[in-house]
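Residues per chain, in single letters:
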Amino acid sequence: MTSANRVTLKPGDTIGILGGGQLGRMLALAAARLGLKTQVFSPDPDSPAFDVVQNATCAEYADVEALELFASDVSVISYEFENIPSSTAMILSARRPVLPDPKVLETTQDRLAEKDFVTKLGIATARYADVSSAQGLKVAIEKIGLPAVLKTRRFGYDGKGQAVVREGDDPDKVWADLETRSAILEAFVPFEREVSVVAARSASGEVVCYDVTENEHRDHILKFSHAPARISDELAAQARTIAEKIAAALDYVGVFAVEMFVVPGKDGPSLMVNEIAPRVHNSGHWTLDGASVSQFEQHIRAIAGWPLAHPVRHGDVTMTNLIGDDILDYGKWLGVPGATVHIYGKGAPRPGRKMGHVTEVKRR
Ligand code: AMP
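Summary of the structure given here. All values reported here derive from a predicted model rather than from experimental measurement.

**Regarding helix H5 (residues 111-120)**
Within H5 the residues assigned to the buried category are Arg111, Leu112, Glu114, Lys115, Phe117 and Val118. A distance of 2.9 Å separates the backbone nitrogen of Leu112 from a side-chain oxygen at the start of H5, and that oxygen is part of Asp110. Immediately beyond the C-terminal end of H5, within one or two residues, lies Gly122, with a positive phi of roughly 80°.

Written out as structure tokens, the structure reads:
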């Protein structure tokens, strides 16, 4: 029996969440609605999730004593970001079920391992090559061609830790500027749109996908999500099949997202997987107001061992991220008919910082 099959929470039980950002905050709010308590573990005293939870542990991820106490307070543990140190996950999973299983992180924390995993499943990705030196970058450019995107293998997000390499760029300088020892070079994908599948998988292997979402980025950061994506039903079905295949191969429990490129071709558009997020995802925030059950509640249900919902979408939904100073317009958004405003309760609005979001639903 896996640790996932052992978990069936009842109202009043406590879920432990690693990470105290807006995702942890929205998970805690969803849990509360189902009568479940949450305890958040985060090293940052200003964690926005701390404002809404019953109990908070403010400690470093390497603090073994704090981790042990945290584990003893909760029935099951999950996480809201993928860069949990593997030693932290090991200490916790020796004491309580951790869902999704931390072995998932070995694949999703490392872009090379992730691309190898997806490729082995027979799913298309951008062509890629492993790079660990300036000389290695030159060899990879020969193989992949230009333009291409150089990405650090670990700890990249919102366009951080990546650089587009173009004809005429100096590979030595590009490599030095990335300040890493291990990276991958990916062929630049001339996509017509970006989409994602946000889905949940239960311990018994059931997968429920939300409608495929179309995502628009500004400066590498998600700005708008639209549900449903403007793609054919056939392509949407293919996207869901890809997500199901990935989740089954990872024996995943909880909500995850698969980001994909829609690539034009002479036989019609096709899909390439860009990234797997082993957690609730920004492109699923529309589900809070645009679906009968949100991705946050769905994740809580999955890790609690409760039945997954089969969410109904309320209409055509647009989610707008409030990034940096956008949050200063919250008063304007509060007056927009039909808009639902979410403010994450973070401190200063730094450029690129996700401060809140707005959902607008057009009823059908
Ligand atoms: P990532 O951190 O891999 O999710 O990349 C962030 C964004 O950069 C993506 O959402 C795309 O808009 C863009 N991007 C990433 N990889 C590629 C690629 N191989 N070709 C073209 N654009 C890319």
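**Things to note about unusual backbone geometry**
In this chain, Leu99 is followed by Pro100 through a cis amide linkage whose omega measures -5°. The phi angle at Glu179 is positive, at roughly 50°, despite the residue not being glycine. We note that Asp251 has phi near 50°; this positive angle belongs to a residue other than glycine. Within the fold, Asp251 resides in the loop between helix H8 (233-249) and strand S13 (254-263). A relative accessible area of 37% means that Asp251 is categorised as partly exposed.

**Details of the site of the ligand**
The environment of the ligand is formed by 16 residues, the closest being Lys151, Glu186, Val189, Glu194 and Glu275. The backbone of Val189 places a nitrogen or oxygen atom 2.8 Å from a nitrogen atom of the ligand. The separation between an oxygen atom of the ligand and a polar side-chain atom of Glu275 is 2.8 Å. Protein chains bury 92% of the 480 Å² of accessible surface belonging to the ligand in isolation.

**Brief notes about the packing of helix H1 (residues 22-33) against helix H10 (residues 295-304)**
H10 packs onto H1 with a crossing angle of 70° between their chain directions and a minimal axis gap of 8 Å. With respect to their mutual orientation, H1 and H10 come out roughly perpendicular. Remark: the crossing between H1 and H10 carries right-handed chirality. Between H1 and H10, the contacting residues are Leu23, Met26, Leu27, Ala30, Ala31 and Arg33 on the first element and Phe296, Glu297, His299 and Ile300 on the second. Grouping the constituent residues of the contact of H1 with H10 by class yields seven nonpolar, one polar and two charged.

**Quick look at the packing of aromatic side chains**
Applying the stated criterion to the full structure yields six aromatic pairs. Summarising the aromatic geometry, the rings of Phe41 and Tyr61 are spaced 5.6 Å apart at their centres and angled 25° between planes, so their arrangement reads as stacked. Here Phe41 is found in strand S2 (residues 37-42), whereas its partner Tyr61 is found in the loop between strand S3 (55-58) and helix H2 (64-73), with 20 residues between them in sequence. Comparing Phe41 with Tyr61 shows no difference in burial state: the two are buried. Joined through ring pairs, the aromatic side chains of Phe41, Tyr61, Phe70 and Phe81 make up one cluster.

**Here we look at the sheet that holds strand S5 (residues 128-131)**
The strand order across the open sheet formed by four strands is S5-S8-S6-S7, and the pairing between neighbours is antiparallel. Every other strand in the sheet has two partners, leaving S5 and strand S7 (162-165) as the edge strands with one partner each. If you compare each strand with its neighbour and ignore which way they point, the axes differ by 25° on average. In terms of strand pairing, strand S6 (residues 148-152) meets S7 through four bridges, oriented antiparallel. Within S7, the position partnered with Ala148 by the bridge is Val165. Here helix H7 (residues 171-178) sits on the sheet in contact with S5, S6, S7 and strand S8 (183-187), set at roughly 35° to S6.

How each quantity is defined
Residues numbered from 1 in each chain as written. Predicted model: local features only at pLDDT ≥ 70, side-chain atom pairs only at ≥ 80, totals over all residues. Heavy atoms only, no water. Buried < 20%, exposed > 50% of the residue type's maximum accessible area, 1.4 Å probe, protein only. Helix = DSSP H or I, 4+ residues; strand = E, 2+ residues; numbered from the N terminus. Polar contact = N/O pair within 3.5 Å; in protein donor to acceptor, adjacent residues only side chain to side chain. Near = heavy atom within 4 Å. Areas by Shrake-Rupley, 256 points an atom, 1.4 Å probe, with all protein chains shown as cover. Axes fitted to C-alpha atoms, helices over the stretch in contact; angles between N-to-C directions. Parallel < 35°, antiparallel > 145°, perpendicular 65-115°, else oblique. Left-handed = near helix turned anticlockwise from the far one by under 90°. Contact = heavy atoms within 4.5 Å. Nonpolar A, V, L, I, M, F, W, Y, C, P; charged D, E, K, R; others polar. Phe/Tyr/Trp six-rings, centres within 6.5 Å; stacked < 30°, edge-to-face > 60°. Pairing = 2+ DSSP bridges.

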